Amino acid sequence: MTILKLDVMGQWIENEWIPYRTERDLQILWIPDFCVHEMVLSSYNRDAILPGGYTFVGVEQIECPAVTRINNYNYRGEITRRTGAFIYKFEAMDIDEVTEILILSSYFTDDGRVICLACVPETFMIAWAAFSKECERIFKSLSPRQEVIIIGGRTRAFVPTVEWDDIVLPESLKNELFEDVRSFFTKGIDVYQRLKLKPFRKLLLAGIPGTGKTMLCNAIAKWAIEQQYLVIYISSADQSGATFSKIQQALHIASNSSLPTLILLEELDAYLHKQEKALVLNVLDGSESLVNDYGTLLIATTNYPEAIDERVLKRPGRLDRIFIIPEIRTPSDAEKMLRQYLGEMWHEDHLQVSDMLVGYPGAFIREVAVYALTHVAYENLDYLPLDLLLRSFERLKEQVNTHDAFVLQQQKKPVSELFVKDDNDEE
Ligand SMILES: Nc1ncnc2c1ncn2[C@@H]1O[C@H](COP(=O)(O)OP(=O)(O)O)[C@@H](O)[C@H]1O
Ligand SMILES: [Mg+2]
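Predicted, not measured: the structure shown is a model, and the values here were computed from it.

Definitions and cut-offs
Residues numbered from 1 in each chain as written. Chains lettered and ligands numbered in written order. Predicted model: local features only at pLDDT ≥ 70, side-chain atom pairs only at ≥ 80, totals over all residues. Helix = DSSP H or I, 4+ residues; strand = E, 2+ residues; numbered from the N terminus. Buried ≥ 20, exposed ≤ 12 C-beta atoms within 10 Å, placed from the backbone. Contact = placed C-beta atoms within 7 Å. Near = placed C-beta within 6 Å. Nonpolar A, V, L, I, M, F, W, Y, C, P; charged D, E, K, R; others polar. Domains from an automatic or database assignment. Pairing = 2+ DSSP bridges. Axes fitted to C-alpha atoms, helices over the stretch in contact; angles between N-to-C directions. Core = buried A, V, L, I, M, F, W, Y, C linked by C-beta atoms within 7 Å. Parallel < 35°, antiparallel > 145°, perpendicular 65-115°, else oblique. Left-handed = near helix turned anticlockwise from the far one by under 90°.

Participant: So what exactly am I meant to see when it comes to the environment of glutamate 327 here?
Facilitator: Here glutamate 327 lies in the loop between strand E14 (321–324) and helix H9 (331–342). Taking the number of C-beta atoms within 10 Å as the measure of exposure, glutamate 327 has 21 and is therefore buried. Remark: the alpha-carbon pair of glutamate 327 and threonine 99, spanning 228 residues in sequence, is separated by 68 Å. The contact partners of glutamate 327, leaving out residues within four places of it in the chain, are Ile208, Thr211, Gly359, Tyr360 and Pro361.

What follows is the structure in structure tokens.
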């Protein structure tokens, strides 16, 4: 027979606590873990009067062999949930007496789930319920910042600013991606839970460099923050580069959060290096990952899907869905993009150039516009002559061609071919 942590804690209270107390009718209660959250307790208003005239006066930690003392902390380095044994003290206004409530708190799984018991006199139950309710209210108001948390970057956080409408891509693709993200958080989590699956979904945005994948991530992050979700961006910009420990850290934050969480993992291919590939695959399989009951959506991107193992791309369950983010495909999208980047300098004549831009990624079109506009400024022109725009295009095209010749040598297959589903592909 397995002995539950709960039993060990309950038995200790029965045998080592209650017999030595003078109070009658002590009840053991299973209480929510926000009651042992340090930030909740330190924000608690100690002047607030609970039913029965009690006020909360403080917490004292005591020795208890049934539980270990461990502090959990958030990404800002603040202590969050604590485990151990505590005495919560409440004072009644008219009686000169302190009511002591024993709380035991412990981890009961390796992935960080906490269980808490309280030993409360029956006469104090109503006050306790009010105290617990207030803790819950405070806990829920410990709102996330209006920023994206960065792991492994050179700054700590950023505020996403990309507008969905500024991203020029086929509307159907944008809508499908957005609907996938939105429905996961609004409807999907219940479905996963009904099927007894961890609410963890993984999407991949794949396409050649400069097609707008980072932009899409930024715009989705902006939306998620508006929904009060937690958003974490895993960066490989610092010295340690693309390491698995960053992914692990993000999942840890997600699992400790009581908010739906969006994790952005750019350049997934870089994390699949020999040493750590197996670890990343375990996460994608969901077998190793920590759970957040409110849902975790991982959006990964790659410029080099050919560098991602077929076992990742094709094995069902590792990636739930792959979105191919294409170059500009229609003259009207090319025009829209060029108009967007040329702003007031746009002229109908430029249509001739925008037609030539079909087939290039967004970043290329932006560069054509930027190059042309800087020359307008250098030459003190008050308009953008067509031939200047054409020259910018030709010049950049040449640069890219040299680059492409190099890239193509390494990359034989077109991106889309990599995603053809092969049902016989069993690992
Ligand atoms: N689809 C697009 N719509 C509008 N601008 C784009 C698009 N794709 C790229 N750009 C421009 O190029 C820049 C680089 O694109 P980015 O999102 O970083 O590409 P990726 O992450 O796919 O390599 C963007 O900041 C934006 O200015
Ligand atoms: Mg990018």
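Once the structure has been displayed, the description carries forward.
Participant: Help me understand the site of ligand 1, please; the structure alone is not making it clear to me.
Facilitator: If you check the shell around ligand 1, you find 16 residues, and the closest are Gly212, Lys213, Thr214, Gly362 and Ala363. Those elements that place two or more of their residues in the shell around ligand 1 are helix H5 (213–226) and helix H11 (362–378). Its residues placed into classes, the shell around ligand 1 shows seven nonpolar, seven polar and two charged. Split by domain, the residues of the shell around ligand 1 number at least three in each of domain 2 (148–326) and domain 3 (331–410).

Participant: Would you take a moment to explain the sheet that holds E14 for this structure?
Facilitator: By way of backbone hydrogen bonds, the strands of a sheet pair with one another, either parallel or antiparallel. With mixed pairing, the seven strands of this open sheet are ordered in space as E9-E8-E11-E12-E13-E10-E14. Two strands in the sheet have a free side with no partner beyond their single neighbour: strand E9 (157–158) and E14. Two elements, strand E10 (residues 200–206) and E14, share four bridges in a ladder whose sense is parallel. Its bridge partner being in E14, alanine 206 is matched across the sheet by isoleucine 324.

Participant: Mind showing me how you'd approach the sheet that holds strand E6 (residues 98–107) here?
Facilitator: Spatial ordering of the open sheet is given by E1-E7-E6-E5-E2, a layout of five strands whose pairing is antiparallel. Each edge of the sheet is formed by a strand with only one pairing partner; in this case those strands are strand E1 (26–31) and strand E2 (54–62). Neighbouring strand axes in the sheet, compared pairwise and without regard to direction, differ in orientation by 25 degrees on average. As paired elements, E6 and strand E7 (residues 114–121) share six bridges and run antiparallel to each other. Bridging across to E7, isoleucine 103 finds its partner in alanine 118.

Participant: What should I look at first to understand the nonpolar core in this one?
Facilitator: A general trend in soluble globular proteins is that nonpolar side chains are found buried together. Ile232 and Ile365 are the most contacted members of the largest nonpolar core, which has 65 residues in total. The element that contributes the greatest number of residues to this core is H5, accounting for seven residues. Each of two domains, domain 2 (148–326) and domain 3 (331–410), supplies a minimum of three residues to this core. The contact partners of isoleucine 365, leaving out residues within four places of it in the chain, are Ile328, Ala334, Met337, Leu338, Tyr341, Leu357 and Tyr360. Among the nonpolar cores identified, the runner-up in size contains 30 residues, and Met9, Ile101, Phe124 and Trp128 belong to it.

Participant: Even after reading the chapter, I still don't get the packing of H9 against H11, so can you show me in this structure?
Facilitator: When two helices pack together, their arrangement is captured by the angle between the axes and the distance separating the axes. Running from N to C, H9 and H11 cross one another at 45 degrees; their axes reach a closest spacing of 9 Å. Considered as vectors, H9 and H11 are oriented oblique to each other. Once H9 is placed against H11, the crossing between them reads as right-handed. In this structure, H9 uses Ala334, Met337, Leu338, Tyr341 and Leu342 to contact H11, whose residues at the interface are Gly362, Ile365, Arg366 and Ala369. Each residue belonging to the contact of H9 with H11 can be placed in one class, and the counts come to seven nonpolar, one polar and one charged.

Participant: Looking at this structure, I do not really get the domain arrangement of the chain. What am I missing?
Facilitator: Interfaces are often sized by the amount of accessible area the parts lose when they come together. Here the domain parsing of the chain yields domain 1 (5–141), domain 2 (148–326) and domain 3 (331–410). A separation of 37 Å is found between the C-alpha centroids of domain 1 and domain 2.

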